[in-house]
Amino acid sequence: KSGLVKLRQTNRLVTGTVIRGRTYTLADFNTLFKNGSTNVPLKGMVSCTKNEAVAVDFLSKSGANISGSKVKVIMKIKSKNGVDIDDMSDWGFNLVNQRHPGNLVQEEVLLEEGMFKKLSEPKKILNPDGTPKKDIDGTEWWEVELEELGTSLRTIN
C-alpha cells in the first residue's frame, strides 16, 4: 500500500474509467450488487485494466474453479487513485511476450481494496439481437458502474 501511495505521486496515477472482469457465485453477486445498498465492498487489491477485452478474457480465468450457479460481471469503475503497474505486471508489456505468449497485454491498473459506490444498478449485458448474453452453461453476463471512494474497509464499522 505504501508503494501505491508513492506511485500515485508520479505519472502513474490513473483517473477515469477502468474495467474489471470477475466471475462470482450467484450468491456473492446478489450480496455485493443486488442487496439494495449503494456501497460495494471489494476486498484485496482490485486489479483492473484499460482494455475491456482483457476484462472479458479474465472472466473465464476468474470463474474456472466456481461450481454451481455463477455470474460474469464487467465492472466499469471511475478511478480516482488507480496506479498504472503494467510495466511491472506479470501479464504486462515487458513480460507477456516472454512468459505468456499469445495472451493479451493486461494494461493493469491497481486500486486498493475498499468501499466503492454503485452508480447504477447491475444490468444484463445484451447480445446484438437484444437477448441477454449467456454462456452455453447458462451463466449470465452483467455490467455495473462503480466509483472508487478511497474508503478503506478496515476503517468501516
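Residues numbered from 1 in each chain as written. Predicted model: local features only at pLDDT ≥ 70, side-chain atom pairs only at ≥ 80, totals over all residues. Heavy atoms only, no water.

Trainee: Any chance you could explain the overall build of the protein here in plain terms?
Mentor: Looking only at helices and strands, the protein has four helices and eight strands in total. Relative to all contacts within the protein whose residues are 6 or more apart in sequence, the contacts with residues 24 or more apart total 79%. (Helix = DSSP H or I, 4+ residues; strand = E, 2+ residues; numbered from the N terminus. Contact = heavy atoms within 4.5 Å.)

Trainee: What is the right way to look at the environment of asparagine 35 in this model?
Mentor: Within the fold, asparagine 35 resides in the loop between helix H2 (26-33) and strand E2 (39-42). Polar contacts involving the side chain of asparagine 35 include one to the main-chain carbonyl oxygen of threonine 31, which spans 2.8 Å. A distance of 2.8 Å separates the side chain of asparagine 35 from the backbone nitrogen of serine 37, its partner in a polar contact. (Polar contact = N/O pair within 3.5 Å; in protein donor to acceptor, adjacent residues only side chain to side chain.)

Trainee: What is the right way to look at helix H3 (residues 52-63) in this model?
Mentor: Within an α-helix, residues lying three or four positions from one another point in the same direction, as the helix has 3.6 residues per turn. The end-to-end C-alpha distance of H3, which contains 12 residues, comes to 17 Å, matching closely the 16 Å that a straight helix rising 1.5 Å per residue would cover. Looking at the buried positions of H3, the neighbouring elements they touch are strand E1 (13-25), strand E3 (46-49), strand E4 (70-84) and strand E8 (140-151). The N-capping residue of H3, defined by a side-chain oxygen 2.9 Å from the backbone nitrogen of alanine 53, is asparagine 51. (Expected span 1.5 Å × (residues − 1).)

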